[in-house]
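Residues per chain are reported as follows:
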Amino acid sequence: MRKLMLEGIIRGVLTESAPSPDAAAIKELGVSLARTTRRRLGRSLSIREVDAGSCNGCELEIHALNNAFYDIERFGLRFVASPRHADVLLVTGPVTANMRVALERTYRATPDPKWVVAVGDCGFDGGCFAGSYACVGGVSAVIPVDLHIKGCPPRPVDLLKGLIALVDHLDDSLLKRV
Amino acid sequence: MLDLVRTGRQVEAHAPWPRVVVDHEVWRTMTTELALGRLTLVSLWAESDRIHAAVSANGSIGVFSLDCPEGEYPSVGATHPAAIRFERAVHDIFGLVALGALDTRPWLDHGRWGVKHPMAATVQAPDLARPAYAFLPVEGESLHVIPVGPVHAGIIEPGHFRFTVNGEAVVRLEERLGYVHKGIESLMQGQTIERASRLAGRTSGDSTVACALAFSRAVEAATGATVPARAHYVRAIMAELERLANHCGDIGAICNDATFTIMHAHCGILREEVLRAADTCFGHRLMMDKIISGGVAIDVSADGIAALRALLDNFRRRFPHLIALYDDTASLQNRTVTTGVVAKDLVAQFGCGGIVGRASGRAFDARKAIAYPPYADLTFDVPVFSEGDVNARVWVRIREVQQSLSLIAQLIERLPPGPVAAEIPAAGECEGAALVEGFRGDVFAWLRLAGDGTVARCHLRDPSWFQWPLLEAAIEGNIVADFPLCNKSFNCSYSGHDL
């Protein structure tokens, strides 16, 4: 273990420089964010991930955000274990009929102010599962969505761009207020 | 089994294995043979008016079909538990009744679809008064119940676990799945091969290569398409990359569940590097939609080969340190050794493949047993352990990482020249099946193509069908705090199972 740790010091940092936020995402966010968020939250967000019917592809890439290359926590973003601790719900999948109630309850369990980010093509409109007897559709068919990050699955860097746009927008809304 | 196959009426245009239409008597004989352990259940699925069972013995596979004009068939699950959940799912989707079944509770249908038996000949309106799901009763002193899910604490798929515990010890775990049922088999019906292939590649995102490969091989078997040699090799590179990525992720995640985070961090780096190499080679980190019927959608370029060589070098330098770290850390071993033991006879009874089977002494690997191309040309071992605990499942993964590295080296060394895809010939109405080895275990696909080349019916069976039930057995007698460790060491698919 000592050798591995030593190597870690010598090799230097794997974490890559931050991507710039997505322009389209910033525009979409303009509609939904309150001005008071910065005061309430500072520049940090707790994220609760909810798989509402995904094939698990999106979860794999969301997981990757925690690895050394993307290191999501340096942006003040972190994943939490309960919706009661969350500011943001990161929801994947076409919402299945069998997960609808669980998603609604998770949303209700998340304290205000809260935002919902729908991840993936399926989270947008049901993707290739749209029209099934077992699927309700995209996330916005069940709960209000503030930001969509598309892709099948979106790359970790695209997820980062979207989430950084979310944080930056919170900053901007505060500056305008001051 | 061949004797049993001869007793039925063989269906023409079913490849590569025989499918026979049998009567009740032969169906019952098959059921008895399964219960006695002389046959292994590969899958059980239905159409609106018939039931099919794929069974195997000594590496050969046969499909038995029974017509169900009255909407019922003799239960297989009544004597062979591995079939129980299949029969419950078949009833939910098709309405066919397993006569004599012991467990007739719904499985995938949670009463929220707005229809009853969605793939039956006549779809019905749902029952208005539907009783609440009846979990199995548990009796005894000082027991309490811990319900968990469907929304879990981690970034994982949804499912419900109901633990009954006595103090710290789990006396029963009952799983309830079906939350991510998307109706994939129904969506596939009437679709072109291309569209159905996209759906197959999204049954379980972590096994997209394996699922697309199983689907494509079934199409190719049905239509008699000849896949170019180079395509077989490129497919195998994808399959081994998928295995590498998932095994690295799982080894790290298992250690993380024992709060040994340094392994998790290092394995996460390796996993990311595999995905980046896959991206360089094939233009998609998970390689979705890169396997198509007839071959592959993209050839591996010179840059791709260079990225693979760099990846192999990287692994050869760094992976041994991680093995040593795992092996030398007594506090970690303390958590994994003797935890979550799966008995050898149980994996044999359930025909449980993949990591779970091979950690409990069942040496089945479709790459050897079926030896589909190009694996017959390649040198590799199938690592088998007998302890059946979390530690054994870690070691199966470690050894398989090493085998996959060797396989990728062989594949890029011997990569034959030529095209990477062939046309799918028009073959009229035809049927095909395939069994391929994903990282989790063997994935089975069966399909019938209609005369116009669209998919008339497709069935996909994830290896998790035979692994989930054994997780219930593995946790028995262990402490609640070890459940994440046991669960992660199985890493069953929810989406692949719920379909």
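Residues numbered from 1 in each chain as written. Chains lettered and ligands numbered in written order. Predicted model: local features only at pLDDT ≥ 70, side-chain atom pairs only at ≥ 80, totals over all residues.

Trainee: Lay out the overall build of chain B with the relevant residues and their values.
Mentor: Summing up its helical and strand segments, chain B has 17 helices and 16 strands in all. Whereas a compact globule of 499 residues would reach a radius of gyration of roughly 23 Å, chain B reaches 22 Å, a difference of no more than 12%. Every one of the 499 residues in chain B was classed for burial, and the buried ones make up 56%. Within chain B, contacts between residues separated by at least 24 positions form 67% of all contacts whose residues are at least 6 apart in sequence. (Helix = DSSP H or I, 4+ residues; strand = E, 2+ residues; numbered from the N terminus. Rg over C-alpha atoms; globule rule 2.2 N^0.38 Å. Buried ≥ 20, exposed ≤ 12 C-beta atoms within 10 Å, placed from the backbone. Contact = placed C-beta atoms within 7 Å.)

Trainee: Lay out the pairing of strand β1 (residues 45–51) of chain A with the relevant residues and their values.
Mentor: All names here are of chain A. In terms of residue burial, β1 counts as a mostly covered element, since six of its seven residues are buried. Bridge count between β1 and strand β2 (residues 77–79): three bridges; the pairing is parallel. Note that in β2 the partner of Ser46 across the bridge is Arg78. With helix α4 (residues 57–64) bridging β1 and its parallel neighbour β2, the resulting β-α-β unit is right-handed. With five bridges connecting them, β1 and strand β3 (residues 88–92) associate as parallel partners. (Pairing = 2+ DSSP bridges. Right-handed = clockwise from strand over helix to strand, strands pointing away.)

Trainee: Account for the nonpolar core, with residues named and values stated.
Mentor: Across soluble globular proteins, you tend to see nonpolar side chains buried next to one another. The biggest cluster of nonpolar side chains holds 203 residues, and the ones touching the most others in it are Val91(A), Val117(A), Val90(B), Ala214(B), Ala218(B), Val274(B) and Ala445(B). Once residues within four sequence positions are removed from consideration, Val90(B) is found in contact with Leu44(B), Trp45(B), Ala46(B), Ile51(B) and Leu96(B). (Core = buried A, V, L, I, M, F, W, Y, C linked by C-beta atoms within 7 Å.)

Trainee: Talk me through the domain arrangement of chain B; I want residue IDs and the actual numbers.
Mentor: As assigned here, chain B comprises domain 1 (2–99), domain 2 (144–176) and domain 3 (191–467 + 479–486). Each of domain 1 of chain B and domain 2 of chain B was reduced to a C-alpha centroid, and the two centroids are 32 Å apart. (Domains from an automatic or database assignment.)

Trainee: I'd like to hear about the interface of chain B and chain A, residue by residue, with values.
Mentor: In this assembly, 42 residues from chain B lie in contact with 40 residues from chain A. Here the element with the most residues in the side of chain B that touches chain A is helix α8 (residues 261–282) of chain B; it accounts for six residues. The class makeup of the residues in the side of chain B that touches chain A is 19 nonpolar, 15 polar and eight charged. (Nonpolar A, V, L, I, M, F, W, Y, C, P; charged D, E, K, R; others polar.)

Trainee: Pulling in residues and values, what's your account of the confidence of the model for chain B?
Mentor: Residue-level pLDDT values for chain B average 96, and 100% of them are 70 or greater. Listed scores for the predicted complex are pTM 0.94 and ipTM 0.95. (pLDDT = per-residue confidence, 0-100.)

Trainee: Describe the packing of helix α14 (residues 390–414) of chain B against helix α16 (residues 483–490) of chain B, listing the residues and the values that go with them.
Mentor: Residue and element names in this part refer to chain B. At a minimum axis distance of 9 Å, the contact between α14 and α16 shows a crossing angle of 30°. Between α14 and α16 lies a crossing whose hand is left-handed. The residues of α16 that touch α14, namely those facing Val390, Arg393 and Val394, are Leu485, Cys486 and Ser489. (Axes fitted to C-alpha atoms, helices over the stretch in contact; angles between N-to-C directions. Left-handed = near helix turned anticlockwise from the far one by under 90°.)

Trainee: Please set out α4(A) residue by residue, giving values where relevant.
Mentor: Counting buried residues in α4(A) gives eight out of eight residues, a clear majority hidden from the surface. All buried positions along α4(A) are accounted for by Gly57(A), Cys58(A), Glu59(A), Leu60(A), Glu61(A), Ile62(A), His63(A) and Ala64(A).

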